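Residues per chain, in single letters:
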Amino acid sequence: MIKHHFYEPGHGGAQAIGLAHDPVNAIIAPRPIGWISSLSVDLKRNLAPYSFFNLFNYAPPIIGFASSGWKDSAENIATTGEFVWNLATRELAEAMNATSAMVPPGTDEFDLAGLQAAPSRLIKPPRVAASPVSFECRLSQTLRLTSATGVNTDSWLILGEVVGVHIDPALIEDGVYQTAAARPVLRGGGWGDYFELGEMFRMRRPG
């Protein structure tokens with residue numbers, strides 16, 4: 001039997017057993033990046049990456065990201081009800097990272113990162129023109145996260161229904177989307193740890 005480390009998060013546990021940082025976000029990794037573009041009510045553009053992001057439902061497709069703090073993306077989406085998810089690829093990694101800078105509210109991260117915007121079809125927020133895949137989304141739910149005892153955290157889960165999908169035809173082969181061909185960038189733990197999608201293997205579901 002493995003002799004595990006054990007600690008209780010929130011009680012100084014990780015440091016108490018000799019770890020430099022709480023490793024939870026390094027263990028639940030790699031994670032897709034929620035590269036979210038949105039518009040404010042006065043049509044100011046915002047683009048920001050979120051490391052807590054995923055797909056939560058298939059039909060209808062619902063994606064979501066968690067914002068630590070009520071940031072511009074959260075405010076924009078709450079007031080307009082719309083956002084775009086843009087696939088962050090290896091080629092776009094530096095630009096994506098540039099959009100994570102702590103800048104004053106109202107800063108246009110498209111301009112900051114030297115990125116061109118492309119219009120969406122069904123909603124107002126723009127897409128990242130160079131991204132090979134983008135999802136146009138309409139807000140479905142905003143949930144403030146709470147602890148197990150019901151205490152509010154300073155994090156919000158923002159869920160949106162995908163109403164439009166843009167895909168570079170070069171990523172389609174025999175009618176099937178080629179995940180690895182897009183070279184998606186994935187978030188790891190630590191300070192600035194990222195991964196590119198690695199070796200693939202298949203398993204059939206039983207039954």
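Residues numbered from 1 in each chain as written. Predicted model: local features only at pLDDT ≥ 70, side-chain atom pairs only at ≥ 80, totals over all residues. Heavy atoms only, no water.

(A) Molecular detail of the pairing of strand β4 (residues 53-57). The pairing of β4 with strand β5 (residues 62-68) spans four bridges and is antiparallel. Across the sheet, residue phenylalanine 53 finds its bridge partner in β5, namely phenylalanine 65. Two successive antiparallel strands, β4 and β5, enclose a turn made up of four residues. (Pairing = 2+ DSSP bridges. Helix = DSSP H or I, 4+ residues; strand = E, 2+ residues; numbered from the N terminus.)

(B) The pattern of salt bridges, seen in detail. The final tally for this structure, using the stated rule, is four salt bridges. Linking aspartate 111 and arginine 45 is a salt bridge whose minimum nitrogen-to-oxygen distance equals 3.2 Å. Note that aspartate 111 is positioned in helix α5 (residues 109-112) and arginine 45 in strand β3 (residues 45-50), a separation of 66 residues in sequence. One salt bridge in this structure joins arginine 183 and glutamate 91, with 3.0 Å as the shortest N-O distance. In this pair, arginine 183 sits in the loop between β12 (176-177) and β13 (185-187) while glutamate 91 sits in the loop between β6 (82-86) and α4 (93-98), placing the two residues 92 residues apart along the sequence. When its relative accessible area of 31% is taken as the criterion, arginine 183 is described as partly exposed. If you follow the salt bridges from partner to partner, you end up with Arg45, Asp108 and Asp111 in one network. (Salt bridge = Lys/Arg side-chain N within 4 Å of Asp/Glu carboxyl O. Buried < 20%, exposed > 50% of the residue type's maximum accessible area, 1.4 Å probe, protein only.)

(C) Looking closely at the sheet that holds strand β1 (residues 31-32). The three strands are arranged β1-β13-β14 in an open sheet whose pairing can be described as antiparallel. Each edge of the open sheet carries a strand with a single partner, namely β1 and β14 (194-196). Judged from the three bridges that link them, β13 and β14 form a sheet pairing that is antiparallel. Within β14, the position partnered with arginine 187 by the bridge is tyrosine 194.

(D) Quick look at a nonpolar patch on the surface. On the surface, Val24, Ile27 and Ile28 cluster together into a nonpolar patch covering about 290 Å² of accessible area. Secondary-structure assignment places isoleucine 28 in the loop between α2 (24-27) and β1. (Patch = residues over 30% accessible without salt bridge, like charges linked within 9 Å, V, L, I, M, F, W, Y side chains within 5 Å. Areas by Shrake-Rupley, 256 points an atom, 1.4 Å probe, with all protein chains shown as cover.)

(E) View of the side chain of glutamate 82. Its place among the elements puts glutamate 82 in strand β6. For the buried glutamate 82, which has no salt bridge, the nearest side chain bearing the opposite charge is arginine 138, at an N-O separation of 4.2 Å. Here the side chain of glutamate 82 touches lysine 124 through a polar contact of 3.0 Å, landing on its backbone nitrogen. Once residues within four sequence positions are removed from consideration, glutamate 82 is found in contact with Ser38, Ile77, Leu122, Ile123, Lys124, Pro125, Cys137 and Arg138. (Lys, Arg positive; Asp, Glu negative; His and termini not counted. Polar contact = N/O pair within 3.5 Å; in protein donor to acceptor, adjacent residues only side chain to side chain. Contact = heavy atoms within 4.5 Å.)

(F) Just the sheet that holds β4, in detail. A sheet is described by the order of its strands in space; here seven strands give the open sequence β3-β2-β6-β9-β10-β5-β4, paired in antiparallel fashion. Single-partner strands in this sheet number two, and they are β3 and β4. Pairwise comparison of adjacent strand axes, ignoring direction, gives a mean angle of 35 degrees for this sheet. Sitting on the sheet, helix α3 (residues 72-80) touches β2 (34-39), β3, β5, β6, β9 (133-146) and β10 (152-167), and the angle it makes with β2 is about 55 degrees. (Axes fitted to C-alpha atoms, helices over the stretch in contact; angles between N-to-C directions.)

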